[in-house]
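One letter stands for each residue in the lines below.
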Amino acid sequence: MHNQSSKIIYKSQLSTFNLILMILGSLFLIGIGIKFLLYTQESGINWVIVFPLGFIFLGGLIASNALVLCSAAITKDYLILNYPFIGRKKSIEWKSISDAGMKFVTTKSSGSDYSFRTGKEIRLFSNGKNYRITTFAIKEPEKLILELKKRLDSSLKTKMKNEYRKTERKFWKDEDEYRNWMMKIVLPICLIILVLLWILKK
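To keep things clear, this report deals only with the structure shown in the data block. Note that the coordinates shown come from a computational prediction; the quantities given were computed from them, not determined experimentally. (Residues numbered from 1 in each chain as written. Predicted model: local features only at pLDDT ≥ 70, side-chain atom pairs only at ≥ 80, totals over all residues. Heavy atoms only, no water.)

## Quick word on the overall build of the chain
In step 1: A tally of regular secondary structure across the chain gives four helices and seven strands.
In step 2: In the chain, the succession of helices and strands from N to C terminus is β-α-α-β-β-β-β-β-β-α-α.
In step 3: Taken over C-alpha atoms, the radius of gyration comes to 23 Å for the chain, far larger than the 17 Å a tight globule of 202 residues would show.
In step 4: Counting only C-alpha atoms, the chain reaches 80 × 45 × 30 Å along its principal axes. (Helix = DSSP H or I, 4+ residues; strand = E, 2+ residues; numbered from the N terminus. Rg over C-alpha atoms; globule rule 2.2 N^0.38 Å.)

Set out below in structure tokens:
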């Protein structure tokens, strides 16, 4: 197998805490969705089916993302991706990597999320295939990124850096616009409605 007897220079590990969190979150959402689905159908409220299906879909999405999580090992000639949940390993020759990208990603799911984590999604293209590494589930992800950049072409490193900065700026710009919109428009309107309701009750 591609001379994998060569010495491993670096090996990343998956974060146990994040994996457990993803698995429990997936099971919780799917379980709640199924329970809600059975209840709504027994009650004959068929139009509400969209809500439990939404929970089940979200739980399934988290589960599918967990299945393709991978750790990475680095040798002189290869990047080795290990997918523990599906029992696969993929060896990628450094010289075969033709393109790369890196995006700013977050666990934020809606505008109202005040507690969220940020990370990076690294994409590598080799022999017509796309490989993705998400830093959320990796321990000490900056070490992995540093080791990857040591072995990639300078033009690819620049492209990754520029893409990351662009997507990060866009996220925080959108976040600021959302906060301003809430403070300047939504909050005043809510306060006015509350005051009017209080006056009408008197």
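## Some words on the packing of aromatic side chains
In step 1: Scanning the entire structure with this criterion turns up four aromatic pairs.
In step 2: Their ring planes at 40° and their centres at 5.2 Å tell us that F104 and F171 sit as a pair that is tilted. One end of the pair, F104, is in strand β5 (residues 97–106); the other, F171, is in helix α4 (residues 154–201), and 67 residues separate them in sequence.
In step 3: Among the aromatic residues, those joined into a ring-pair cluster are F104, Y164, F171 and W172.
In step 4: Over the aromatic face of Y164 sits the side chain of K120, whose NZ or CZ is 4.8 Å from the ring centroid. (Phe/Tyr/Trp six-rings, centres within 6.5 Å; stacked < 30°, edge-to-face > 60°. Lys NZ or Arg CZ within 6 Å of the ring centre and 35° of its normal.)

## Focus: the side chain of R123
In step 1: Checked against the element boundaries, R123 lands in strand β6 (residues 118–126).
In step 2: R123 gets classed as buried once you look at its relative accessible area, which sits at 15%.
In step 3: A polar contact of 2.6 Å, which involves the side chain of R123, links it to the side chain of E163.
In step 4: With residues near it in sequence (within four places) discarded, R123 still touches D99, A100, G101, M102, K103, N130, Y131 and E163. (Buried < 20%, exposed > 50% of the residue type's maximum accessible area, 1.4 Å probe, protein only. Polar contact = N/O pair within 3.5 Å; in protein donor to acceptor, adjacent residues only side chain to side chain. Contact = heavy atoms within 4.5 Å.)

## As for a nonpolar patch on the surface
In step 1: Side chains of W181, M183, I185, L187, I189, L191, I193, L194, L197 and L200 sit close together on the surface and give an oily, nonpolar patch of about 1000 Å² of accessible area.
In step 2: Relative to the elements of secondary structure, L191 occurs in helix α4.
In step 3: Note on L191: relative accessible area 48%, which makes it partly exposed. (Patch = residues over 30% accessible without salt bridge, like charges linked within 9 Å, V, L, I, M, F, W, Y side chains within 5 Å. Areas by Shrake-Rupley, 256 points an atom, 1.4 Å probe, with all protein chains shown as cover. Salt bridge = Lys/Arg side-chain N within 4 Å of Asp/Glu carboxyl O.)

## Quick notes on helix α3 (residues 141–151)
Structural remark: α-helix, 3.6 residues per turn; residues separated by three or four positions point the same way.
In step 1: Taken together, the buried positions of α3 are L144, I145, E147 and L148. The buried residues of α3 all sit within an arc of 165° when viewed along its axis, so they share a single face. Away from its buried face by more than 90 degrees, α3 exposes L146 and K150.
In step 2: Among the structural elements, β1 (10–11), β2 (71–74), β3 (78–83), β5, β6 and β7 (129–134) are those in contact with the buried residues of α3. (Arc of directions from axis to C-beta.)

## Quick word on the nonpolar core
In step 1: With 31 residues, the main nonpolar core has L79, L81 and I122 as its most contacted residues.
In step 2: Every element with two or more residues in this core is listed here: β2, β3, β5, β6, β7, α3 and α4.
In step 3: Leaving out residues up to four positions away in the same chain, L81 has contacts with C70, S71, A72, R88, K89, K90, I92, Y131 and I133. (Core = buried A, V, L, I, M, F, W, Y, C linked by side-chain atoms within 4.5 Å.)

## Re unusual backbone geometry
With the exception of glycine, the majority of residues adopt a negative phi angle, and the majority of peptide bonds are in the trans configuration.
In step 1: Unusually for a residue other than glycine, N127 sits at a positive phi of about 50°.
In step 2: With respect to the helices and strands, N127 occurs in the loop between β6 and β7.
In step 3: On the accessibility criterion, N127 (66% relative accessible area) is exposed.
In step 4: Non-glycine residue E140 carries a positive phi angle of around 45°.
In step 5: Its location among the elements puts E140 in the loop between β7 and α3.

## Remarks on the sheet that holds strand β4 (residues 88–93)
In step 1: The strand order across the open sheet formed by four strands is β1-β2-β3-β4, and the pairing between neighbours is antiparallel. Edge positions in the sheet fall to β1 and β4, since each has one partner strand and no second. (Pairing = 2+ DSSP bridges.)

## Quick word on the environment of Y131
In step 1: Here Y131 shows up in strand β7.
In step 2: The spacing of Y131 and K90 is 41 residues in sequence and 9.6 Å in space, taken between C-alpha atoms.

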